[in-house]
Amino acid sequence: MPGPVRRPRRRLAQPREQVLAAAMATIAESGLDRLTMAGLGREVGMSSGHILYYFGTKDELLLQTLQWSEEQLGARRRAALARRVPVRERLDALVELYLPEGRRDPRWTLWLEVWNRSQNADDAARDRQLDLELAWHRDLVALLVEGASKGELRAVDAESFATRTRALLDGFSTHLVVGLPGLDRQQVVRHVGEFLDEGLRAPDA
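The rules behind these values
- Residues numbered from 1 in each chain as written.
- Predicted model: local features only at pLDDT ≥ 70, side-chain atom pairs only at ≥ 80, totals over all residues.
- Heavy atoms only, no water.
- 1 Å grid on protein atoms, 1.4 Å probe; cavity = no way out; pocket = protein on both sides within 12 Å on 5 of 7 lines; lining within 4 Å.
- Points joined across faces, edges and corners; volume = space filled by probe spheres on them.
- Helix = DSSP H or I, 4+ residues; strand = E, 2+ residues; numbered from the N terminus.
- Nonpolar A, V, L, I, M, F, W, Y, C, P; charged D, E, K, R; others polar.
- Expected span 1.5 Å × (residues − 1).
- Buried < 20%, exposed > 50% of the residue type's maximum accessible area, 1.4 Å probe, protein only.
- Arc of directions from axis to C-beta.
- Contact = heavy atoms within 4.5 Å.
- Polar contact = N/O pair within 3.5 Å; in protein donor to acceptor, adjacent residues only side chain to side chain.
- Core = buried A, V, L, I, M, F, W, Y, C linked by side-chain atoms within 4.5 Å.
- Salt bridge = Lys/Arg side-chain N within 4 Å of Asp/Glu carboxyl O.

Help me out: how do you make sense of empty space enclosed by the protein in this one?
Gaps left between atoms show up when a probe the size of a water molecule is rolled over them. This structure, assessed with the given rule, holds one cavity of 30 Å³ or more. Empty space within the largest cavity amounts to approximately 60 Å³. Forming the walls of the largest cavity are Tyr98, Arg107, Trp108, Trp111, Trp115, Glu133, Trp136 and Asp170. Elements that contribute at least two residues to the lining of the largest cavity include exactly α6 (106-117) and α7 (123-149). It is α6 that contributes the most residues to the lining of the largest cavity, four residues altogether. Split into classes, the residues belonging to the lining of the largest cavity amount to five nonpolar, no polar and three charged.

Explanation requested: helix α9 (residues 185-200) in the structure shown.
Because the α-helix completes a turn every 3.6 residues, residues three or four places apart line up on one side. When the terminal C-alpha atoms of α9 are compared, their 22 Å separation across 16 residues agrees well with the 22 Å that a helix rising 1.5 Å per residue should span. All buried positions along α9 are accounted for by Arg185, Val188, Val192, Gly193, Leu196, Gly199 and Leu200. What you see down the axis of α9 is that its buried residues fit within an arc of 140°, all on one side. Projecting away from the buried face of α9 at angles above 90 degrees are the exposed residues Gln186 and Glu198. Residues of α9 that are buried sit in contact with α5 (87-98), α7 and α8 (158-178). You can read the cap of α9 off the contacts: a side-chain oxygen lies 3.3 Å from the backbone nitrogen of Gln186, and it is on Asp184.

I'm lost on the side chain of Arg88 in this one. Help?
Relative to the helices and strands, Arg88 resides in helix α5. If sequence neighbours within four positions are ignored, Arg88 has contacts with Glu152, Leu153, Gly193, Leu196 and Asp197.

Would you mind going over the nonpolar core with me for this structure?
The tendency in soluble globular proteins is for nonpolar side chains to be buried as a group. Counting 54 residues, the largest nonpolar core has Val19, Leu40, Leu91 and Leu144 as the members making the most contacts within it. Once you skip the residues sitting within four places of it in the chain, Leu40 turns out to touch Val19, Ala22, Ala23, Thr26, Leu35, Ile51 and Leu61.

What should I look at first to understand the side chain of Ser118 in this one?
The residue Ser118 is located in the loop between α6 and α7 in this model. A polar contact of 2.6 Å, which involves the side chain of Ser118, links it to the backbone oxygen of Trp115. Within polar-contact distance, the side chain of Ser118 engages the side chain of Gln129 at 3.5 Å. Residues in contact with Ser118, not counting those within four places in the same chain, are Arg126 and Gln129.

Even after reading the chapter, I still don't get the pattern of salt bridges, so can you show me in this structure?
It is possible for side chains of opposite charge to pair when their charged atoms get near one another. One pass over the full model with this rule turns up twelve salt bridges. A salt bridge links Glu60 to Arg128, with the shortest nitrogen-to-oxygen separation between them at 2.8 Å. Of the two residues, Glu60 sits in helix α4 (residues 58-81) while Arg128 sits in helix α7, which places them 68 residues apart along the sequence. Given a relative accessible area of 25%, Arg128 falls into the partly exposed group. Two residues, Glu146 and Lys150, come together in a salt bridge whose shortest N-O distance is 2.7 Å. Three or more residues are tied together by salt bridges with common partners; here these are Asp59, Glu113 and Arg117.

What exactly am I supposed to notice about unusual backbone geometry here?
Trans peptide bonds make up the majority, and among non-glycine residues the majority have a negative phi. In the Ramachandran plot, Arg104 falls in the positive-phi region, its phi being about 65° despite a non-glycine side chain. Counting through the fold element by element, Arg104 comes out in the loop between α5 and α6. We classify Arg104 as partly exposed; its relative accessible area is 46%.

Here you go:
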């Protein structure tokens, strides 16, 4: 997620959106350990019972917060991918948006928590989580197909290549958000760029 998450300076139009924005800001400032129904209630001027009315459980709150966060980022991704620049540049833009900024990145912190909790989630919740994954996958596939059709990229099995690329990004992203030593974001961007160049460079490039 580019840049820090800031607490909204004004009340948002819908109570649900107020809670989701406050939840994301709390994760950014204090981490998931400080995210409680009571604390969110104090932030937005609601009782914890009122928040439970909207979300029911903390698992549901986290999943809806992730969905809300991805909606915001999705708008930025669509704008970046709609630019009239070579496909390879748009692939780089997608990678930049996908990767965490670094250790304790709030969006990726939330992703990891939702992934962990989804082991015990019902099928409906897991399907909603999958939808978030597939939004990135579809955009990546579309870029690969477009690049091949224009001769800018080597023709590949777009579905398979996109799956491998996302697995690479997920692995690197986990290392970055956990803050394991020996690997920084600049190095990750270079590694991913090399992988894309090796796999997609057009024969006459």
